[in-house]
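Chain by chain, the residues run as shown.
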Amino acid sequence: MAIDQETASGMKIRHAELGDVPAVLDFWLLAAEGTDRRDSPDKVVALIERDPEALLIAELDGQLAGTLIAGWDGWRAHLYRLAVHPSHRRKGIATTLLAAAESRFTAFGAFRADAMVLDSNVSAQGAWSAAGYTPQPEWSRWVKPLK
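Residue positions are counted from 1 within each chain, in the order its sequence is given. Where totals are concerned, whole chains, interfaces and linings use all residues; where local detail is concerned, this predicted model gives features only for residues with pLDDT of at least 70, and gives and counts side-chain atom pairs only at 80 or more. In computing side-chain properties, one takes all heavy atoms of the structure into account and sets aside hydrogens as well as water.

**Some details on unusual backbone geometry**
In step 1: Phi is positive for D61, which is not a glycine, with a value near 50 degrees.
In step 2: Mapped onto the elements, D61 comes out in the loop between strand 3 (55–60) and strand 4 (63–72).
In step 3: Its identity is not glycine, yet R90 carries a phi of approximately 70 degrees, on the positive side.
In step 4: Mapped onto the secondary structure, R90 falls in the loop between strand 5 (77–84) and helix 3 (93–108). Numbering of helices and strands runs from the N terminus, with a helix taken as a DSSP run of H or I at least four residues long and a strand as a DSSP run of E at least two residues long.

**Digging into the nonpolar core**
In step 1: Ranked by size, the top nonpolar core spans 21 residues in total, and within it I13, L56, L79, I93, L97, A101 and F105 carry the most contacts.
In step 2: Those elements giving two or more residues to this core turn out to be strand 2 (11–15), strand 3, strand 4, strand 5, helix 3 and helix 4 (122–130).
In step 3: In terms of residue count, helix 3 provides more of this core than any other element does, six residues in total.
In step 4: In what follows, residue pairs with any heavy atoms lying within 4.5 Å of each other are defined as contacts. Apart from residues no more than four positions distant in its own chain, L97 is found in contact with I13, L56, I57, A58, G66, T67, L68 and L82.
In step 5: Grouped together as the second largest cluster of nonpolar side chains are 16 residues, V24, A32, I69 and A83 included. Each nonpolar core is a collection of buried residues, namely Ala, Val, Leu, Ile, Met, Phe, Trp, Tyr and Cys, held together in the definition by side-chain atoms within 4.5 Å. The cut-offs for exposure are 20% and 50% of the maximum accessible area for each residue type, with area from a 1.4 Å probe on protein chains only; residues under the lower value are buried, those over the upper are exposed, and the others partly exposed.

See below:
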């Protein structure tokens, strides 16, 4: 689906704007899993300013219904924060957001996308699997807190 184009069901996918930041942060508290990531307005503003097309928003009837961060670092395509409002799940919102992100990545010449999915988020694993994503058993994520 093209960005800023409405579907027959009334869903619209668009890029987040600076004015969306408070609503996105509130939305993630409601709809996203694992909200211990120290979200702050400054970080979301920095994302939008650095890459204005990275944060995708799905709207239904003008209301925030889903988000997805489609990050491109010039080498790899990364997906974060796929979240759908609990009352709007299983309506194709995640599928539509993923299609928009994958289209973005294809335009950059990316050959694959990876997603961060919590091991404990079984419902999300089903959604990612249905979209054609699989876990990579040969890789582990190594992290080091910087603060």
